[in-house]
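Listed here are the chains, written in short residue letters.
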Amino acid sequence: MKMTFRWYGPDDPVTLDKIRQIPGMSGVVSAVYEVPAGEVWPEESIERIRAQAAQNGLEFEVVESVPVHEDIKLGAPGRDRLIANYAENIRRLGKAGVKVICYNFMPVFDWLRSELSHPLPDGSNALAYDNQTVQSMDPLKSELSLPGWDESYTHEGLRALLTQYKSIDEERLWDNFAYFLKAIIPVCEQAGVKMAIHPDDPPWGIFGLPRIITGDESYARMAEICPSIYNGITLCTGSLGADPNNDLAALAQKYAERIHFVHARNVKITGERCFEEAPHLSRMGSLNLYEILKALHDAGFDGYIRPDHGRMIWGETGRPGYGLYDRALGAAYINGLWEAISAGR
C-alpha cells in the first residue's frame, strides 16, 4: 500500500513541503489543471508536476483526474476526436511514470454537497449533504461552486448542457461509457496505465441526471464490458458509504484485484440520503474503516490510497474538504490501522 495526498498544484495552500512531513507519505495525486477538458496535456506540464514532487522526495504516480469531456458522455458526433486526445494523454502520462488515472463518468456535476462548511459539535466544519435541500435547488439559479466544479460554464452553457442530457437515460449513458472504455483500455494496456473510475458522489441521481457507478452491480457490469484489469476502480469509501446498502468491506474483498486506488474517509449518515463528512476514526461515523482496510489487506491490495475529504479544524481555512490538518490526521490513522492489520493484531 502506498500512501498519497491530493495536491492542486503551486496555488494549493497545502504545499509540497508540508505534505512531505506527513509520516509515511510516498507521493502526491495531482493533474494538469490549466488545460480544458478534452484537450491534450503538454508533456512539459506533466514533467513539471513530476519534477516538483521529486524535489520534495515525493512520487507522482497517480493522476486525479483526466476529465472526460461531456461530449463523450453524451455520445456527441465529436467524441472520437476527444477520445483520441484522451488516449494521447494516457500515453504521455505513462511515459512520465504515472501508473493510475482516477476519473469519473458523472454528467455535468462532479461531487455535490448542500453545505461546504457545515458546523460540527466539536467546533470544526465539514462538507454535508441534505437531499431535500439539494432537490429544492435549481442549478441554473443557485450559486454552485465546488472544488470539482467546472467554473467555466456560463448559465447559458449549463442550460444547453442540461437540455442535451434530457435525452440521456442510464442505458444511453452506459452505452457511451462502454464506447469510451473499449477505445481507451487497449491504450492503457500498451502504456502501462490503469484506469480507476471514481463512483458517483452521491451515488444516486441529481437534477434529473443519470448516475451509473453506484455499487456492486455497476462494477460487475463495467468489468463485463472490458474484463481487462486495466479497467479498474477507485474505491471511495465516503461516496459509496453514503448509501447504507453498499457493504464496503464486501466490495473491497470482491473487487480487490480491480481496485487500483482508494479514497479513505468516513461519513455519518444523518437521514435518508443525508450525510455529513466525519473524522476518519471509525467510531466517529457510519463506516468501519478497520473492516474495510482489513478486507483490502486480506485480499492482497497493494495499490495507492489517500485520505479523502477532511474537516476544517484548528482554525484552518481553504479549499473545502482539502485542508491539511484533518487529512494529515486521516493519513496517520490509516497508516496505523494498516500497520496493525499487517502485524496481525
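Definitions and limits used
- Throughout this document, residue positions are counted from 1 along each chain, in the order its sequence is written.
- Since the coordinates come from a predicted model, pLDDT governs what is reported: local features require at least 70, and pairs of side-chain atoms require 80 or more to be given and counted, while whole-chain, interface and lining totals use all residues.
- Values shown for side chains rest on all heavy atoms present in the structure; no hydrogens or waters enter the calculation.
- Only residues whose relative accessible area exceeds 30% and that form no salt bridge are eligible for patches; like-charged ones are grouped when within 9 Å, while nonpolar side chains (Val, Leu, Ile, Met, Phe, Trp, Tyr) are grouped when within 5 Å.
- Only the protein chains shown count as covering a residue, and every accessible area follows the Shrake-Rupley method with a 1.4 Å probe.
- Definition used for salt bridges: Asp or Glu carboxyl oxygen within 4 Å of a side-chain nitrogen of Lys or Arg.
- Numbering of helices and strands starts at the N terminus; helices are DSSP runs of H or I of at least 4 residues and strands are runs of E of at least 2.
- Stacked, tilted and edge-to-face pairs are distinguished by plane angle, under 30 degrees for stacked and over 60 for edge-to-face with tilted covering the rest, among Phe, Tyr and Trp rings (Trp via its six-membered ring) whose centres lie within 6.5 Å.
- Three labels apply to residues, based on accessible area from a 1.4 Å probe with only protein chains included: buried if under 20% of the type maximum, exposed if over 50%, partly exposed otherwise in between.
- The contact definition used throughout considers only heavy atoms, calling two residues in contact when any of these lie within 4.5 Å.
- Angles run from 0 to 180 degrees between N-to-C directions of axes, and those axes are lines fitted to C-alpha atoms, restricted for helices to the stretch in contact.
- An angle below 35 degrees is read as roughly parallel, one above 145 as roughly antiparallel, one from 65 to 115 as roughly perpendicular, and any other as oblique.
- When the near helix sits turned anticlockwise from the far one by under a right angle, the crossing is termed left-handed; a clockwise turn instead gives a right-handed crossing.
- Residue type decides the class: Asp, Glu, Lys and Arg count as charged, Ala, Val, Leu, Ile, Met, Phe, Trp, Tyr, Cys and Pro as nonpolar, and the leftover types, Gly among them, as polar.

Q: Just checking my understanding: could you explain a nonpolar patch on the surface for this structure?
A: Taken together, W314, Y325 and L329 make up a surface patch of nonpolar side chains, about 350 Å² in accessible area. With respect to the helices and strands, the residue L329 is situated in helix α12 (residues 325-342).

Q: Sorry if this is basic, but what is going on with the packing of aromatic side chains here?
A: The geometry of two aromatic rings is summed up by the distance between their centres and the angle between their planes. Overall, the coordinates contain 14 aromatic pairs when judged by the stated rule. Between the aromatic rings of F105 and F180, the centroid separation amounts to 5.9 Å while the plane-to-plane angle is 35°, which identifies the pairing as tilted. One end of the pair, F105, is in the loop between β4 (100-103) and β5 (115-119); the other, F180, is in helix α7 (residues 170-191), with 75 residues separating them in the sequence. Here F105 falls in the buried class, since its relative accessible area comes to 0%. Given the relative accessible area of 0%, F180 is considered buried. Pairing Y129 with F275 gives two aromatic rings, centres 5.4 Å apart and planes at 10°, and the pair type is stacked. Residue Y129 is located in strand β6 (residues 125-130), and its partner F275 is located in strand β11 (residues 274-278); the two are separated by 146 residues in the primary sequence.

Q: Sorry if this is basic, but what is going on with the environment of W41 here?
A: By secondary structure assignment, the location of W41 is in the loop between β2 (25-30) and α2 (43-55). For W41, a relative accessible area of 2% translates into the label buried. When the C-alpha positions of W41 and L337 are compared, they lie 37 Å apart, and in sequence the two are 296 residues distant. Sequence-distant contacts of W41, that is, excluding residues within four places in its chain, are made with A31, V32, V35, I46, V63, S65, V66, P67, N89, R92 and L93.

Q: What exactly am I supposed to notice about the environment of P10 here?
A: When you line up the elements, P10 lands in the loop between β1 (2-6) and α1 (16-19). Considering only alpha carbons, one finds P10 and Q52, 42 residues apart in sequence, at a separation of 9.2 Å.

Q: Looking at this structure, how should I read the packing of helix α11 (residues 289-298) against α12?
A: Packed helix pairs are specified by the crossing angle of their axes together with the interaxial distance, meaning the distance between the axes. Two elements in contact, α11 and α12, have axes whose closest approach is 10 Å; the angle formed by their N-to-C orientations is 55°. Regarding the angle of α11 to α12, the classification is oblique. The crossing of α11 and α12 is right-handed. Taking contact as the criterion, the partners of L289, Y290, L293, K294, L296 and H297 in α11 are, on α12, Y333, I334, L337, W338, I341 and S342. Per-class residue counts for the contact of α11 with α12 are nine nonpolar, two polar and one charged.

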